[in-house]
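Fold and contact review
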Amino acid sequence: SDPEKAMLEFQRELEIDPSHLNAMLQIGNLYLKQGAPEKAVDFAHKAVNLSPGSAAPHRLLGQALLDSGNTPAAVEELQAAARCEPESPRTHFLLAQAYKRAGNSALAGKEMSEFERLDRKEKNESGNAKTPE
């Protein structure tokens, strides 16, 4: 609820542990929300280097690159995120946006269809999960 305070806390965490992946990801996301994708790129690159086999760092880097206007690099990172976590609706949504910006409407449509399929699946699964009374 307080992005400035959150930013300070995550930065302090990185002072304590410079390889704290979650802090890097959170700072990158906060920079994206603030409209500073160039700053997010730096943290996302560090996160990818720390955890190259994880989807979240690639997804963050892809989104930051896309928001920065580097569409070709964004496509590569979002493809990597999709390979790491093929069932992520958010990744396929971002990849559809990247393909659209790259002028590849066929792949953009394919990724948007995959996003919609996975989003429906996720909503159905969460709707079927009942909490114990």
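Residues numbered from 1 in each chain as written. Predicted model: local features only at pLDDT ≥ 70, side-chain atom pairs only at ≥ 80, totals over all residues. Heavy atoms only, no water.

**Observations concerning the overall build of the protein**
Along the protein, the regular secondary structure elements total seven helices and zero strands. In sequence order, the protein lays out its α and β elements as α-α-α-α-α-α-α. Counting only C-alpha atoms, the protein reaches 50 × 40 × 25 Å along its principal axes. The buried share among the 133 residues of the protein stands at 39%. Sequence separation of at least 24 residues holds for 44% of the intrachain contacts in the protein that already meet a minimum separation of 6. Surface exposure of the protein reaches about 8,000 Å², of which carbon and sulfur atoms provide 50%. Averaging the positions of the 16 positive and the 20 negative side-chain charges in the protein gives two centres separated by 5 Å. (Helix = DSSP H or I, 4+ residues; strand = E, 2+ residues; numbered from the N terminus. Buried < 20%, exposed > 50% of the residue type's maximum accessible area, 1.4 Å probe, protein only. Contact = heavy atoms within 4.5 Å. Areas by Shrake-Rupley, 256 points an atom, 1.4 Å probe, with all protein chains shown as cover. Lys, Arg positive; Asp, Glu negative; His and termini not counted. Charge placed at Lys NZ, Arg CZ, Asp CG, Glu CD.)

**So, helix 3 (residues 37-50)**
Between its terminal C-alpha atoms helix 3 stretches 20 Å, which fits the 20 Å expected from 14 residues at 1.5 Å a residue. Inspection of helix 3 places Pro37, Ala40, Val41, Phe43, Ala44, Ala47 and Val48 among the buried residues, and these make up the whole buried set. (Expected span 1.5 Å × (residues − 1).)

**Some points on the environment of glutamate 85**
Along the polypeptide, glutamate 85 turns up in the loop between helix 5 (71-84) and helix 6 (89-101). It is 8.7 Å that separates the C-alpha atoms of glutamate 85 and alanine 56, two residues lying 29 residues apart in sequence. With residues up to four places along the chain from it excluded, the contact list for glutamate 85 reads Ala55 and Arg59.

**Some remarks on the packing of helix 4 (residues 55-68) against helix 5**
It is the contact of helix 4 with helix 5, at a shortest axis distance of 8 Å, that shows an interaxial angle of 160°. Here helix 5 runs roughly antiparallel to helix 4, going by the angle between their axes. At the point where helix 4 passes helix 5, the crossing takes the left-handed sense. For the pair helix 4 and helix 5, contact is made by Ala55, His58, Arg59, Leu61, Gly62, Gln63, Leu65 and Leu66 and by Thr71, Ala73, Ala74, Glu77, Leu78, Ala80, Ala81 and Cys84, respectively. In terms of residue class, the contact of helix 4 with helix 5 is built from 10 nonpolar, four polar and two charged. (Axes fitted to C-alpha atoms, helices over the stretch in contact; angles between N-to-C directions. Parallel < 35°, antiparallel > 145°, perpendicular 65-115°, else oblique. Left-handed = near helix turned anticlockwise from the far one by under 90°. Nonpolar A, V, L, I, M, F, W, Y, C, P; charged D, E, K, R; others polar.)

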